[in-house]
Amino acid sequence: IAATRRASGTFNTIGDYELARGAASAGLVQFEGMHKLAPKNEDALVMLTQGWAGYGFAFAEDDMEVAEAAGNDEQAEYHKKRALMAYERAIDHGQELFALRDEGFQAARKNSDTIKKWLTDNFKDQEDAQPLFWTGYAWLLRTQLLRDVPEVVADLYIGIAMIERSVELDPE
């Protein structure tokens, strides 16, 4: 799993959209299986977090926008649900990874100060930037899709804090 994570950047070099879509789908299913076999493997959790966030944005939301442009509300809603499911899975896998470090994430969500402190206390290395970025990214994308749901928008600060901490750890 660790070697696959190290090599995963090659996916970003695929210029064929349809090939990338198929590869992303297959890769997600494969890594869900690997996660089942090794539930505490941090590399698998990072790849699942990144994979689901990327899939939701690059493919499900794209399909939603195409359906919206065509005036097909039923298909647009279907693809919106797919994107939300992808973001939820990314967030869930990110939280699983966080729990391997410290069980205090839920308590730290109390307010902006508590989440920032918890992130600073538990994520200190440059390598922590990637899981924080992808979990925060999925959090922000979910908020964008559910911008009419006050409870979701009220937690926007959590995703922002993750992204900010990620940039503090690795500005690139």
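Residues numbered from 1 in each chain as written. Predicted model: local features only at pLDDT ≥ 70, side-chain atom pairs only at ≥ 80, totals over all residues. Heavy atoms only, no water.

Caption draft 1: Examining the confidence of the model for the protein more closely. On average, residues of the protein score 92 in pLDDT, and 92% of them are at 70 or above. Mean pLDDT per element in the protein: helix α1 (residues 2-7) is the minimum at 61, and helix α9 (residues 156-169) is the maximum at 98. (pLDDT = per-residue confidence, 0-100. Helix = DSSP H or I, 4+ residues; strand = E, 2+ residues; numbered from the N terminus.)

Caption draft 2: Structural view of the packing of helix α2 (residues 17-37) against helix α4 (residues 73-101). Running from amino to carboxyl end, α2 crosses α4 at an angle of 40 degrees, the nearest separation of the two axes being 14 Å. With respect to their mutual orientation, α2 and α4 come out oblique. The interaxial crossing formed by α2 with α4 has left-handed handedness. On α4, the residues that touch R21, E32 and H35 of α2 are R82, R89, H93 and E96. Classifying every residue of the contact of α2 with α4 gives no nonpolar, two polar and five charged. (Axes fitted to C-alpha atoms, helices over the stretch in contact; angles between N-to-C directions. Parallel < 35°, antiparallel > 145°, perpendicular 65-115°, else oblique. Left-handed = near helix turned anticlockwise from the far one by under 90°. Contact = heavy atoms within 4.5 Å. Nonpolar A, V, L, I, M, F, W, Y, C, P; charged D, E, K, R; others polar.)

Caption draft 3: View of the pattern of salt bridges. Counted according to the given criterion, the structure contains 10 salt bridges. Salt-bridge contacts for R21 lead to D63; the nearest nitrogen and oxygen are separated by 2.8 Å. Linking R21 in helix α2 with D63 in helix α3 (residues 42-69), this pair joins segments that are 42 residues apart in sequence. Residue class for R21 comes out buried when judged on its relative accessible area of 18%. Taking relative accessible area as the criterion, D63 reaches 16% and is therefore assigned buried. (Salt bridge = Lys/Arg side-chain N within 4 Å of Asp/Glu carboxyl O. Buried < 20%, exposed > 50% of the residue type's maximum accessible area, 1.4 Å probe, protein only.)

Caption draft 4: How the structure looks around the packing of aromatic side chains. Inspection of every chain in the model, using the stated rule, returns 12 aromatic pairs. Ring geometry for W134 and Y137: centres 5.5 Å apart, planes at 85 degrees, overall edge-to-face. In this pair, W134 and Y137 are both assigned in helix α7 (residues 129-145), three residues apart and thus about one turn of the helix distant. Put simply, the rings of F98, F105, W118, F123 and W139 pair up and form one aromatic cluster. Above the face of the W139 ring, R142 is positioned so that its terminal group lies 4.7 Å from the ring centre. (Phe/Tyr/Trp six-rings, centres within 6.5 Å; stacked < 30°, edge-to-face > 60°. Lys NZ or Arg CZ within 6 Å of the ring centre and 35° of its normal.)

Caption draft 5: Representation of α3. For α3, with 28 residues, the first-to-last C-alpha span of 39 Å sits near the 40 Å given by 1.5 Å per residue. Helix geometry: α3 is bent most strongly at G56, by close to 35 degrees. Between a side-chain oxygen at the N-terminus of α3 and the backbone nitrogen of D43 the separation is 2.9 Å; the capping residue is N41. Positive phi appears at G71, one or two residues downstream of α3, with a value of about 75 degrees. (Expected span 1.5 Å × (residues − 1). Bend = angle between axes of the 7 residues up to and from the residue. Polar contact = N/O pair within 3.5 Å; in protein donor to acceptor, adjacent residues only side chain to side chain.)

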